[in-house]
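Structural characterization, general
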Amino acid sequence: MSDTNTAPFSIAPLSPQLRFVERPRPPSALSNALVFGWRAVLKFKHVPEQLFDLITMPIMFTLLFTFVFGGALAGSPSEYLSYFLPGILVQTVVFNAVYSGMGLSTDLSKGLFDRFRSLPIWLLAPCAGLVVGDFLRHFIAATIILTIGLLLGYRPQAGIEGTLAAFLLLLTIGFGFGWVFIVLGLVIRTPTTVMTLGFTLIFPLAFASNIMVDPATMPDWLRVMVEANPVSWMATAMRGLMNGGASIQQVLLALATPVLLTAVLVPLALRLYKRQ
Amino acid sequence: MDRCGPADADKMTGITMEMRTTQDEGAGRYPDAAKAAIVARGLVKRFGDVHAVNGVDLDVERGTIFAILGPNGAGKTTLMRMLATLTAPDGGSASVMGYDLVAAPAVVRGVIAMTGQFASLDEDLTGRENLLLIARLWGFRGRAARARADELLAAFDLTDAATRQVKSYSGGMRRRLDIAASLVVTPGVLFLDEPTTGLDPNARQDVWRMIRALADSGVTILLTTQYLDEADQLAARIAVIDQGRKIAEGTSRELKATVGSGFLHVAVNDSAQIDAAAATLKERLGENVQRSAEGAHLSVKAPTPQAANEALAALIAAGIDIADFSLSSPSLDEVFFALTGRAAPVGSDSHAPEDASS
């Protein structure tokens, strides 16, 4: 054991700090949640590598599809970019939602949650911290990808308002999918299993969608599947919001899945969390 | 000097008042101040068909150290998790510092702190950030939170490591930080689940010293351990748990007394004679003979020194070549053996009685 403080520390300097310290006025639930949000921000500060994980895949996909397939799929790379970029943002957020579940599973396997749960705090505050972390992750990753798109020549036709609306939709999507992984994180005790299982669920959803290719060219059976895929609805709404021409129906359809996921999974997560 | 608890009214006068600490708050903040810190009656926890805890009663006096001793899988951790509101009991009732565990778990959480078996820290954060996190969750704000974190870091000799990530800490440092995190607000009851498991002897001594200092300051401490000597060293009272049941409880002295007045330890020179020696001792003293792991030592309960003396004489008369002998009060290993009929728990670092041979 490599204890850097090998000299036994004395009780004398310990005693003044062991004075009786009374509990301060109980903080609000919001304050509890914000503290966990602060923890999520600290994680970014101490583990900046995680940002690399977040954006390598989408950047690779963006460059690869735009330049290798873009010409063949849409006539020119820049035309393809306007089709592909809004979709890859959805894919990024859906994949990155897995990290909060992994973080939760890690915390649970280490006994950290036992400490949180033995504190007199708002029961759901730790989950609120995960959500804050998710929002940050999604926002940072989406901003980086949009910046790369802009450098490659992508210009959102719907301007800043459209892009902001698209980002709001994106964060809502991330919020909804986050609960899938929070539930998995509560059930599965090994973080890597959460990731593997999560990716297994998401891969078909992301790839059998209209994110990369317009389903018009697909065989009928596949086109039906792709058009029924909620991820396709999300990508379509994102395209509409960023490139102009989004309909209310498209946006509502894109919101349906995250809203449904939240409505079903939040009570489930709460029950699982209480049962822990 | 400044170490003080609810009962130490006189000592409170020397305290800086930057955090709200008055003797009234200290003495009067719990209902029924005279009552026990923990009262449990018939606590039960089932996992499927397994009764992890099967009807345990506990009475822990305030300001004392109480040890729950038992082998792996005895139900110690489950019992502690129930008392710390982390898992709901399937039967029975309990109160902590006068608050009912089932009816008011949120209130109980306000007067306890728990340090789990595995360091309950965020490895990615620094030591200071970990303490700040807990301080802010308790409701300390801004400067008060920072002051409390720094104060605890100094108290636990972690100031130099304050800005390092916990993942770089040694086992002993983690334990200290973990316990510090449990003291952000002085708890009425501190739960320590196997506080020294996996620590080297130096770090272990540190933790023991810390636990004693805490108890002196008025905190009630409930700890689980599978180290028999740990319970002996620290605890005013010990409950021995085996297979979900409490099989004995008392002071270290009382537990030893239930086993008898003392033990006769004999070592023989010729290992071929060990069976004959054991048989003679059993015949003379009428008790089961416990063999040391290496098989060279025998230990047997002796009701009186005279009986031990006669047993030794019988060994010599039988031609047994005695290498060494001694008479001792029983160790907790022997208590456990006497209570359960089984050897001391696996994983125990407890040793053969120190005075058995030399």
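About the thresholds
- Residues numbered from 1 in each chain as written.
- Chains lettered and ligands numbered in written order.
- Predicted model: local features only at pLDDT ≥ 70, side-chain atom pairs only at ≥ 80, totals over all residues.
- Helix = DSSP H or I, 4+ residues; strand = E, 2+ residues; numbered from the N terminus.
- Buried ≥ 20, exposed ≤ 12 C-beta atoms within 10 Å, placed from the backbone.
- Contact = placed C-beta atoms within 7 Å.
- pLDDT = per-residue confidence, 0-100.
- Pairing = 2+ DSSP bridges.
- Axes fitted to C-alpha atoms, helices over the stretch in contact; angles between N-to-C directions.
- Core = buried A, V, L, I, M, F, W, Y, C linked by C-beta atoms within 7 Å.
- Domains from an automatic or database assignment.

A separate point is the overall build of chain B. When helices and strands are tallied, chain B shows 12 helices and 14 strands. Each of the 358 residues in chain B was classed as buried or not, and the buried ones make up 51%. In chain B, the share of contacts with a sequence separation of at least 24, taken over all contacts with a separation of at least 6, comes to 70%.

On average, residues of chain A score 84 in pLDDT, and 93% of them reach the 70 mark or higher. Contacts from residues 1-14 of chain A, a stretch scored under 50 in pLDDT, to residues over four places away or in other chains number 27 contacts.

Looking now at the pairing of strand β13 (residues 297-302) of chain B. Residues and elements named next belong to chain B. In terms of residue burial, β13 counts as a mostly covered element, since 6 of its 6 residues are buried. By the alternation rule, side chains of β13 split into H297, S299 and K301 and L298, V300 and A302, which are all buried. When strand β11 (residues 262-268) meets β13, the two strands line up antiparallel, connected through 6 bridges. Bridging across to β13, H265 finds its partner in S299. Across 3 bridges, the pairing between strand β12 (residues 289-291) and β13 is antiparallel. Note that in β13 the partner of R291 across the bridge is L298.

The subject of this paragraph is the pairing of strand β7 (residues 189-193) of chain B. Residues and elements named next belong to chain B. The element β7 is extensively covered by neighbouring structure, given that 5 of its 5 residues are classed as buried. Of the two faces of β7, the one lined by V189, F191 and D193 and the one lined by L190 and L192 are each fully buried. Bridge count for strand β6 (residues 112-115) against β7 is 4 bridges, and the pairing is parallel. Of the residues in β7, the one forming a bridge with T115 is L192.

The next thing to look at is the sheet that holds strand β4 (residues 91-96) of chain B. Residue and element names in this part refer to chain B. Pairing in this open sheet of 4 strands is antiparallel, and the strands run β2-β1-β4-β5 from one edge to the other. The open sheet is flanked by β2 (50-60) and β5 (99-100), the only strands paired with a single partner. Pairing of strand β1 (residues 38-47) with β4 involves 5 bridges; the strand directions are antiparallel. Looking at the pairing, R41 lines up with S93 of β4. Against the sheet, helix α2 (residues 76-83) contacts β1, β2 and β4, and its axis sits at roughly 120° relative to β1.

The next subject is the nonpolar core. B:L83, B:V96 and B:L222 are the most contacted members of the largest nonpolar core, which has 98 residues in total. Per-element accounting of this core gives the leading share, 7 residues, to helix α4 (residues 127-138) of chain B. Shared between two domains, this core takes at least three residues from each, and those domains are domain 2 (31-254) and domain 3 (262-340) of chain B. Apart from the residues lying within four places of it in its own chain, the contact partners of B:L222 are B:I38, B:V60, B:F66, B:I68, B:M80, B:L83, B:V189 and B:F191. Within the second largest apolar cluster, 54 residues are counted, among which are A:L104, A:C127, A:I145 and A:L241.

Turning next to the environment of A:Q157. All names here are of chain A. Along the chain, Q157 falls in the loop between α6 (125-151) and α7 (159-187). Among the residues examined, Q157 registers 10 C-beta atoms within 10 Å and is labelled exposed. Those residues in contact with Q157, other than ones at most four positions away along the chain, are N243 and G244.

Before going further, it helps to examine the sheet that holds strand β10 (residues 245-250) of chain B. Residues and elements named next belong to chain B. Taken in spatial order, the 6 strands line up as β6-β7-β8-β3-β9-β10 in an open sheet, and their pairing is mixed. Sheet topology places β6 and β10 at the edges, where each strand pairs with a single neighbour. On average, each strand axis in the sheet is inclined to that of its neighbour by 15°, with strand direction left out of account. Note that strand β3 (residues 65-69) and strand β8 (residues 220-225) share 5 bridges and pair parallel. The partner of L69 across the bridge, within β8, is T225. Across the sheet, α2 touches β3, β7, β8 and β9 (237-242), and the angle it forms with β8 is around 155°.

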